[in-house]
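# Per-entry structural report
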Amino acid sequence: MLGEVLMGDSQRVAGPDEKGWEPASWQRFDAAQQATYPDLEQLGLALDELGELPPLVTSWEVLQLRKEIGEAQRGERFLLQGGDCAESFAECTAPVITNRLKVLLQMSLILVHGLQMPVVRVGRFAGQYAKPRSSDTETRDGVTLPSYRGDIVNAPEFTAEARMPDPQRLIRAYSCSAQTMNFTRALVDGGFADLHHPEYWDLGWLEHSPLSEEFHRLAESIGRAVRFMETISGKQAGSLRRVDFFTSHEALHLHYEQALTRRVPRQDGFFNLATHFPWIGMRTASVGNAHVEYMRGIRNPIGLKVGPTAEPQDLLDLIEVLNPRREEGRLVLIHRMGAERIEDRLPPLIRAVRDSGSPVLWISDPMHGNTESTAGGIKTRRFRNIMKEMELAFEVHRDNDSLLGGVHLELTGENVTECTGGARDLLDTDLGRAYKSRVDPRLNYEQALELAMLIVRKHGQVRDGSRAEGTPT
Ligand code: PEP
Ligand code: CO
């Protein structure tokens, strides 16, 4: 009954496709990490409303991203994916959106010039509102309540009211996503991407970096390259003024994703039009579960998080289900092993995928395998571990005749103190100063730019065949 309510008329008429898939077919499988709504009728009404709202992205943008991911698979592009661990409704504001876009665009400029190849820019925002949790409930002082599952489900405050899943939040998540998307598009179209003017760059941290001189040279060469392009073209460098920007989020809340899964004229199949690039989180990535069932049927490029417990055969089975026709630009494998385990866990996976002949884009998430707690119980990540995993990722791919084609980062344009280390060498004692994340600790503006420069450095070393000279910070 619920399935019928939630399926929506157009989708029921369409029926399953030749693969036995339809937008609601995931409902026949085990769905982990879903909210338990107290009132299913209210949920059905909210989903019906969502199902009538216009898409947030278009199918041609989605197909363009697939094409660019295909190019990245061939080593012709580098993918930069970054943004918040979890967006919040309260931070759907102009300064937060602008600063996050600024740091991503500046990082991409560093990468374009440093790597000498085009960059695919993917924000981890405009829909990143659902979070997987280690437990369904949380207990404090003998009181047990549902866990906070992201703003799309409930609120973080520890009260029974705040933690009650509320279907109206689905509509709010859609509208915050639309507002974020709208503002981002306007900024990018309006020339905000034209960031080569020195006044836009906050490079004070460069002085504190052990690689200060090298990074100064890189920053200057970017400036020179931009001026050169302007001189020869006689106008502002077009590609810097107006850039393509894509969005992504973890496709965790399957009712929400289903409601925005649509057919479009003159295209086969269904698209998830809530985002360009949905991904499957590590906790929901197994064959036979609802998330994999949902994702196999949409035409978007999709990401798959690959953690340190993944076994080669399980990964091959997932690839077979998610990309049976071995299409280019379809599948991005986002490995997140941890600096300590990557050398041990990643090579067999790379070799198995390589031998299977199925095309994938490998990118590194050096954040999620390196989360730890300080002595005072604060969740943090050490910049040196993030750095180390990223450097090792380049080396492990090189040593296994594979290619690292991008990075996936949690970052913010704000001056937070959530990860320690970096050029300014933030300490555990600094974490209390500006710790805003409600979920995972993010790189701040300076740490994010530093990481982009370190990626350029490492990419060059691997390309030139020299070994790492050690992690500098
Ligand atoms: C995340 O990207 O925020 C996340 C929860 O990652 P993972 O699924 O890799 O743990
Ligand atoms: Co996270």
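Just so it is clear, the model here is predicted, and its values are computed rather than measured.

Every protein donor of the cobalt ion (ligand 2) is listed here as Cys85 (SG), His368 (NE2), Glu410 (OE) and Asp440 (OD), and their distances to the metal cover 2.1 to 2.4 Å. Mapping the donors of the cobalt ion (ligand 2) onto the primary sequence yields the spacing C-x282-H-x41-E-x29-D. Of this pair, His368 sits in the loop between strand S11 (361-364) and strand S12 (371-373) while Glu410 sits in strand S14 (residues 404-410), and the two are 42 residues apart along the sequence. Accessibility assignment for this pair places His368 and Glu410 in one class, buried.

Tallied over the full model, the rule gives six aromatic pairs. Taken together, a centroid distance of 5.2 Å and an interplanar angle of 55 degrees make the contact between Phe89 and Tyr129 tilted. Placement of the pair is Phe89 in the loop between strand S1 (78-83) and helix H5 (94-115) and Tyr129 in the loop between strand S2 (119-124) and strand S3 (137-140), with a sequence separation of 40 residues. An identical accessibility class is assigned to Phe89 and Tyr129; each is buried. Put simply, the rings of Trp21, Phe270 and Tyr294 touch in pairs and so form one group of aromatic residues.

Take the sheet that holds S12 next. The strand order across the open sheet built from three strands is S12-S13-S15, with neighbouring strands paired in mixed fashion. Both edges of this open sheet fall to S12 and strand S15 (419-420), since each of them pairs with a single strand only. Where S12 and strand S13 (residues 379-382) come together, three bridges link them in antiparallel fashion. In the strand pairing of S13, Ser373 is matched with Lys379. Sheet contacts for helix H14 (residues 383-399): S12, S13 and S15; angle to S13, the most-contacted strand, approximately 55 degrees.

Reading guide: rules and limits
- Residues numbered from 1 in each chain as written.
- Chains lettered and ligands numbered in written order.
- Predicted model: local features only at pLDDT ≥ 70, side-chain atom pairs only at ≥ 80, totals over all residues.
- Heavy atoms only, no water.
- Donors = N, O, S within 2.8 Å, 3.2 Å for Na, K, Ca; no water.
- Helix = DSSP H or I, 4+ residues; strand = E, 2+ residues; numbered from the N terminus.
- Buried < 20%, exposed > 50% of the residue type's maximum accessible area, 1.4 Å probe, protein only.
- Phe/Tyr/Trp six-rings, centres within 6.5 Å; stacked < 30°, edge-to-face > 60°.
- Pairing = 2+ DSSP bridges.
- Contact = heavy atoms within 4.5 Å.
- Axes fitted to C-alpha atoms, helices over the stretch in contact; angles between N-to-C directions.

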